[in-house]
Amino acid sequence: MSIDPESPSTTNRYWVFPSQSFKLPRTPARRFYSTSFQNSLTPPPSNSTLRRRISHRHRIEKHASSVRDGKSNESEECPSSGNKTTSLDKKFTRFFRPFTLPWQTACIIAILVTCFTSLVHQNFSLLNQVSDLQDELSKLNIRLRRCNISDSIDIIDSTPEHNVNGASLKNTALILSLMMLSLPLVFIKYMEYMSYVRRPSDSTTEELSLNKQLAYRVDVFLSFHPYAKPLTLLVATLLLICLGGLALFGVTYDSIEDCFWLSWTYVADSGNHANSEGIGPRLVSVSVSFGGMLIFAMMLGLVSDAISEKFDSLRKGRSEVVEQNHTLILGWSDKLGSLLNQLAIANESLGGGTVVVMAERDKEEMELDIAKMEFDFRGTSVICRSGSPLILADLKKVSVSKARAIVVLAEDGNADQSDARALRTVLSLTGVKEGLRGHLVVELSDLDNEVLVKLVGGDLVETVVAHDVIGRLMIQCARQPGLAQIWEDILGFENCEFYIKKWPQLHGMLFEEVLISFPDAIPCGIKVASLGGKILLNPNDSYVLQEGDEVLVIAEDDDSYAPAALPMVQRGNLPKNLIIPKTTERILFCGWRRDMEDMILVLDAFLAHGSELWMFNEVSEKEREKKLTDGGLDISRLANIILVNREGNAVIRRHLESLPLESFDSILILADESVEDSAIQADSRSLATLLLIRDIQAKRLPYREAMVSKIHGGSSSQGSWREEMQQASDKSVIISEILDPRTKNLLSMSKISDYVLSNELVSMALAMVAEDRQINDVLEELFAEEGNEMQIRGADLYLFEGEELSFYEVLLRARQRREIVIGYRLANAEKTLINPPAKTEIRRWSVKDVFVVIADKE
């Protein structure tokens, strides 16, 4: 028996015979081991040699143990017992040597045996399943043959190959889905690693990582593109369906199409995974359903945000207005209510129109304020939008290029700032790429800024300087009481207003003949085509209408008049020449306006030499002179009036009593500059001043005691107080500037003062110019310092007492002084009748009647 030194038996030598701790001579031991290693390359020794070596080793070990225990003699006396033990060890070693192994090898062998046993068991189990399936297939084939289904054998034969190919595809699909799921994590880790590698160790400047750069790019993409969020959600949904379909294909026996559809059902309805069977399908279905719940939660959030944003856009007025031929109003002020009312009246004959209001206010607030306005819209719809007229995108939102007219309202506050904003608005409107179909009507606060706005806007712009117009109108009304109500009737669309139209059948006729050609209108001027469309107000009777000329009339509506046959009218003679001598007057201004210097210049042109103008306000005398000088007024050059300055508060009775109120011919109560931004506060101040002045005047009347004793036996009452006020109003005229239209009801019932509705008159003028821009030339001439104006004249200038004449005959008599009579007020009537309907009717006139005429200011 030969033993290989490299075999396991060589190693087992130390396991079977463990070494003992004893002392050996160095040389034999070294010789023994060296001999062993040297002989490892030589042929193995024989059995006898091996036995000798083993017995020699035992003797050495036995000798060492006997020396330690001190019993060497006993060992020498019993040699036979040692021989017996040695022989038994030899037998035991020979028997168990083939079965001795290390514990690591034993464990590996046990595991391998277990795995092999399980594989064998599974193999036999699969064989049994295959045999069972084959039995079932054979039974199914028999049933198929009975049902006359052909090619069943081919289908069955191809089944095993198809199962093998399907299994490989399912494994590939499962692995692919796992790889796609782990790919984002790997990508993020890779970016972090790349950011760390690319970052220099000695860099002093901070460098953004790839993660932050990627997050920034995603943020820009989601913010810049409007459909980024829905697109991202769609991609996430498709990716979840694909991953779920691949994973289901890997763990189930269904086809790939069925797995994709099943994945979509899990995404759409999380309850569909309840029918899944098996650990793999259930795990995949739960994961897909959980992802579907997240996706649908995000989808609901996006839909909810989109709906909320849309409703918020509609509520705040951010949607686009799709209209044509509408009236656009830019800005918000106290004049808006009157302007909307006039536009609604103007559009009533057309069945209603559309008015769009855009201002820098909340849409709900604007709609709430408009709903509170106390008038009927008469079929006109008002659309509010929130935006700035300085932004082209907001202008495009209200269809500015398709508007029929654009009205720019002046803001409340500083006049220069308001006009500067109006100028910027005109610049924005002229910069619209599509161009403007309609014209611009710009309300300005200062006459000095009108030239600049017209320079920027060109032919598209029509300006209405509201503050200066009202100031001049108040002076006209102070000189001619009742003129303010006549202007309300003409400027408003409720009664008669100005219209311009071409009538070819009137070509070649004299203006005197045209004057009596309209039974339902009164011609006032001619728009001359040869002069580029210039309007001649109150032309000569000898003017002949040319082809292309248009006639300016005062009528009730644009379709309510037409020329008719010429009536037979006798001209007649005037009772006397028009000689109105100018007398000195004393006028009082209560309050301070921004255009005070312009009003003073107008009065200086109209009043007689030596007239006095008293100015009573809270502005100090030095500051007053500085303001007038800054406005361009040289006091030393005033030819007809003398300025008298008084400082005081117009709502304090003690201050008012220091003035000779009973000696003034006219008193103008102005909306003070300090409170003109608040209409209610300004009107309250004006009413308080009016009542105090009338009360002081009534108590200073020379016949007050006689009037009090006559009424109710000297007892004072409400009726006597009103009588005293009316008696005081007969002695002097008071014109109050009213800003709020609701205040006029108080003044109308009291009948103790005339008034000028400044905001309402300006709104009427804006609405009239918005409907027809040509009317602005007429209004500018009527309110200018030169040219024609509207006046109230007594009937004794045109007829005799009790004379019976038709209105046409009065009209022709007034033409002898180149005046146009547009209406009259009878002596016992309260209302002035403009454009009387029965012009040919014979009426008995009184010299106490008055006529309203358009005449030259000279």
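Residues numbered from 1 in each chain as written. Predicted model: local features only at pLDDT ≥ 70, side-chain atom pairs only at ≥ 80, totals over all residues. Heavy atoms only, no water.

*Asks:* Sorry if this is basic, but what is going on with the packing of helix α17 (residues 466–479) against helix α18 (residues 483–491) here?
*Replies:* Relative placement of two packed helices is described by the angle separating their axes and the distance separating the axes. At a closest axis distance of 8 Å, the pairing of α17 and α18 adopts a crossing angle of 125°. Between α17 and α18, the angle falls in the class oblique. Between α17 and α18, the contacting residues are Leu 473, Gln 476 and Cys 477 on the first element and Leu 483, Ala 484 and Trp 487 on the second. Residues belonging to the contact of α17 with α18 are distributed by class as follows: five nonpolar, one polar and no charged. (Axes fitted to C-alpha atoms, helices over the stretch in contact; angles between N-to-C directions. Helix = DSSP H or I, 4+ residues; strand = E, 2+ residues; numbered from the N terminus. Parallel < 35°, antiparallel > 145°, perpendicular 65-115°, else oblique. Contact = heavy atoms within 4.5 Å. Nonpolar A, V, L, I, M, F, W, Y, C, P; charged D, E, K, R; others polar.)

*Asks:* Teacher, can you tell me more about the sheet that holds strand β3 (residues 381–386) here?
*Replies:* Each strand in a sheet pairs with another by means of backbone hydrogen bonds, the pair being arranged parallel or else antiparallel. Reading across from one edge, β3-β2-β1-β4-β5-β6 is the order of the six strands in this open sheet, with parallel pairing throughout. Looking along the sheet, the strands with just one partner apiece sit at the ends: β3 and β6 (461–465). Direction aside, the axes of adjacent strands within the sheet are offset by 20° on average. On the sheet, helix α16 (residues 450–457) packs against β5 (439–444) and β6 and is oriented at approximately 165° with respect to β6. (Pairing = 2+ DSSP bridges.)

*Asks:* Can you help me understand the side chain of Asp 672 in this one?
*Replies:* Structurally, Asp 672 is set in the loop between β14 (666–669) and α23 (679–699). At 2.7 Å, the side chain of Asp 672 and the side chain of Ser 674 are in polar contact. Setting aside residues no more than four positions away along its own chain, Asp 672 makes contact with Gly 591, Trp 592 and Arg 685. (Polar contact = N/O pair within 3.5 Å; in protein donor to acceptor, adjacent residues only side chain to side chain.)

*Asks:* Quick question: what am I supposed to make of the packing of helix α9 (residues 228–251) against helix α10 (residues 256–268) here?
*Replies:* Closest axis-to-axis distance for the α9/α10 pair is 8 Å, and the angle between their directions is 130°. By the angle between their directions, the pair α9 and α10 is classed as oblique. The two elements α9 and α10 cross, and the hand of that crossing is right-handed. Between α9, through Thr 237, Leu 240, Ile 241, Cys 242, Gly 244, Gly 245, Leu 246, Leu 248 and Phe 249, and α10, the contact on the second element is made entirely by Ile 256, Cys 259, Phe 260, Leu 262, Ser 263, Trp 264, Tyr 266 and Val 267. Grouping the constituent residues of the contact of α9 with α10 by class yields 13 nonpolar, four polar and no charged. (Left-handed = near helix turned anticlockwise from the far one by under 90°.)

*Asks:* Is there a simple way to think about the pairing of β5 in this case?
*Replies:* Put simply, side chains in a regular strand alternate between the two faces of the sheet. Across the six residues of β5, six count as buried, placing the element largely inside the fold. Burial along β5 is two-sided: His 439, Val 441 and Glu 443 and Leu 440, Val 442 and Leu 444, pointing in opposite directions, are all buried. In this sheet, β5 lies alongside strand β4 (residues 405–408) in parallel orientation, the contact comprising four bridges. Its bridge partner lying in β5, Val 407 is registered against Val 441. A crossover links β4 with its parallel partner β5, the connecting element being helix α15 (residues 415–430), and its sense is right-handed. Where β5 meets β6, five bridges bridge the pair, whose relative direction is parallel. Among the inter-strand pairings, Val 441 is bridged to a residue of β6, identified as Glu 462. Crossover handedness for the path β5 to α16 to β6: right-handed. (Buried < 20%, exposed > 50% of the residue type's maximum accessible area, 1.4 Å probe, protein only. Right-handed = clockwise from strand over helix to strand, strands pointing away.)

*Asks:* How do you make sense of helix α12 (residues 336–346) when you look at a structure like this?
*Replies:* Since there are 3.6 residues in each turn of an α-helix, residues three or four apart along the chain are aligned in direction. For α12, the tally of buried residues reaches 11 of 11 residues, placing the bulk of the element in the interior. Against the buried residues of α12 lie β1 (327–330), β2 (354–359), α13 (363–371), β3, β4 and α27 (758–771).

*Asks:* Explain the nonpolar core to me, please; I cannot follow it from the model alone.
*Replies:* Nonpolar side chains in soluble globular proteins generally cluster together in the buried interior. One finds Ile 329, Trp 487, Phe 498, Phe 589, Ile 600, Ile 822 and Phe 851 to be the most contacted residues of the largest nonpolar core, which totals 123 residues. Sorting elements by how many residues they give to this core places α27 first, with nine residues. Residue contacts for Phe 498: discarding those within four places in its chain leaves Ile 490, Cys 524, Leu 552, Val 553, Ile 554, Met 768, Ile 775, Val 778 and Leu 782. Within the second largest apolar cluster, 23 residues are counted, among which are Val 398, Leu 423, Leu 440 and Val 442. (Core = buried A, V, L, I, M, F, W, Y, C linked by side-chain atoms within 4.5 Å.)

All we've got here are geometric facts, nothing functional implied.
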